[in-house]
Amino acid sequence: MNTLQILLIALLLDFIIGDPDKIWKKIPHPAVLMGKLIYWFDHNYNFGSALKLKGILTITCISLIAFLVGQLVHSLPDYGVIELLITTILLAHNSLIKHVKDVYTGLGKSLREGRNAVACIVGRQTKDLDESNVSRAAVESAAENFSDAVVAPIFWYLALGLPGLLVYKMTNTADSMIGYKSEKYLLFGYGAAKFDDFLNWVPARICGTLMCVAYFSKADFSVMHNDAKLHASPNAGWPEAAMASILNVALAGPRIYHNKMTDDKFINSSGRHDMNKTDIIYAIKVLNRSWFILLIMISSIVFYQLVF
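In this text the structure is predicted, and so the values were computed from the model without any measurement.

**Some words on the state of the cysteines**
All chains considered together, the criterion is met by zero disulfides. Considering cysteine sulfurs only, cysteine 212 is the nearest to cysteine 207, which forms no disulfide, with 9.8 Å between them. With relative accessibility at 0%, the residue cysteine 207 sits in the buried group.

See below:
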């Protein structure tokens, strides 16, 4: 199987099967193994002097390990079966939809359940959020993570094969663990955060464009192009601005991190500010529609290869 064929099958398997919890109760998930490796570097090197240099060397080492593992697996004479399994596991559309839908289900039970569910997928403080802000957080997470969990892995798999995919997932995991602007990680996590920004630069813009294309909307593209830069992140603003325009809601804006209120601006500020759990379902529809466009594009190329 070639790269595109593996990717197409992996996309379908992820969509249908997702991440079976029963398996990961018996064996560690690849992301868990990545996390343990990152923790080892954090535990052994995140102290003393030259923390920024140590952090840069850490992201360099773990990326090199990921690349070499990818090369090793790719070279196995197994007709790409193990590569297919790893690729399927590291594509997380099904898992993303499930976690976002959990917020909708939680809000259907109580505000507290909704807060608990959204706390699993966002970094901001959620204990005092009302339904509107819980829904906003879920929709923002849906948009940003569609880029991180689906579009970016696909991009780097197509660009550099399994080594590229593993380097991306390792870096993204490192950013989620040590890429914070806190006292502990401001210097040590600098390298991971910047490398993650670099790896997501192109995919984030592709992701936002893909959403606009899925809805055949020039107006959505215009809002995305104009408002993406309002986001605190150099990348997250692109899919979030596209999502905001498609749903006609205002996303981002002030939120609380580490007991401090940010002064972030709203994206698509003319959109509806008062959100509710129904917006979460609409956001899921945007993700599924965009995913389907991706599937059609990749299927068309594979079909062309097989026929011609």
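Next comes the rest of the description.
**Observations regarding unusual backbone geometry**
Of note in this structure, asparagine 248 is not a glycine but carries a positive phi near 55 degrees. Of note, asparagine 248 is situated in the loop between α11 (237-247) and β1 (251-252). Among the residues examined, asparagine 248 registers a relative accessible area of 47% and is labelled partly exposed.

**Observations regarding a nonpolar patch on the surface**
Together, Phe303, Tyr304, Leu306, Val307 and Phe308 make up an exposed nonpolar region whose accessible area comes to about 640 Å². Within the element layout of this structure, tyrosine 304 appears in helix α12 (residues 277-307).

**As for the packing of aromatic side chains**
A full pass over the atoms with the stated rule returns seven aromatic pairs. Note on phenylalanine 15 and tryptophan 291: the rings are 4.3 Å apart at their centroids and 20 degrees apart in plane angle, and the pair reads as stacked. With a gap of 276 residues between them, phenylalanine 15 in helix α1 (residues 3-16) and tryptophan 291 in helix α12 connect regions that are remote in the sequence. Here the aromatic rings of phenylalanine 155 and tryptophan 156 are separated by 5.1 Å at their centres, their planes lie at 90 degrees, and the arrangement is edge-to-face. Through a chain of ring-to-ring contacts, the aromatic side chains of Trp40, Phe41 and Tyr45 assemble into a single cluster. One cation-aromatic arrangement involves lysine 54 over phenylalanine 47; the distance from NZ or CZ to the ring centre is 5.1 Å.

**Considering the layout of surface pockets**
Put simply, the second largest pocket is a space of about 310 Å³. Residue assignment for the lining of the second largest pocket shows that the elements contributing at least two residues are α3 (30-45), α4 (51-74), α5 (81-90) and α8 (131-178). Here the lining of the second largest pocket is built from residues that sort into 13 nonpolar, no polar and no charged.

**Some thoughts on helix α10 (residues 218-227)**
In an α-helix, one full turn covers 3.6 residues, which means residues spaced three or four apart are oriented alike. Among all positions of α10, only Asp220, Met224 and Asp227 are buried. Each buried residue of α10 sits inside an arc of 90 degrees when the element is viewed along its axis, so together they form one side. α10 presents Lys218 and Ala219 as exposed residues on the side facing more than 90 degrees away from its buried surface. On its buried side, α10 packs onto α9 (190-214), α11 and β4 (266-267).

**Observations regarding the environment of serine 176**
By secondary structure assignment, the location of serine 176 is in helix α8. A relative accessible area of 41% means that serine 176 is categorised as partly exposed. For the pair serine 176 and glycine 35, spaced 141 residues apart in sequence, the C-alpha to C-alpha distance is 9.6 Å. Side-chain polar atoms of serine 176 contact the backbone oxygen of threonine 173, separated by 2.7 Å.

Parameters and conventions
- Residues numbered from 1 in each chain as written.
- Predicted model: local features only at pLDDT ≥ 70, side-chain atom pairs only at ≥ 80, totals over all residues.
- Heavy atoms only, no water.
- Disulfide = S-S within 2.5 Å.
- Buried < 20%, exposed > 50% of the residue type's maximum accessible area, 1.4 Å probe, protein only.
- Helix = DSSP H or I, 4+ residues; strand = E, 2+ residues; numbered from the N terminus.
- Patch = residues over 30% accessible without salt bridge, like charges linked within 9 Å, V, L, I, M, F, W, Y side chains within 5 Å.
- Areas by Shrake-Rupley, 256 points an atom, 1.4 Å probe, with all protein chains shown as cover.
- Salt bridge = Lys/Arg side-chain N within 4 Å of Asp/Glu carboxyl O.
- Phe/Tyr/Trp six-rings, centres within 6.5 Å; stacked < 30°, edge-to-face > 60°.
- Lys NZ or Arg CZ within 6 Å of the ring centre and 35° of its normal.
- 1 Å grid on protein atoms, 1.4 Å probe; cavity = no way out; pocket = protein on both sides within 12 Å on 5 of 7 lines; lining within 4 Å.
- Points joined across faces, edges and corners; volume = space filled by probe spheres on them.
- Nonpolar A, V, L, I, M, F, W, Y, C, P; charged D, E, K, R; others polar.
- Arc of directions from axis to C-beta.
- Contact = heavy atoms within 4.5 Å.
- Polar contact = N/O pair within 3.5 Å; in protein donor to acceptor, adjacent residues only side chain to side chain.

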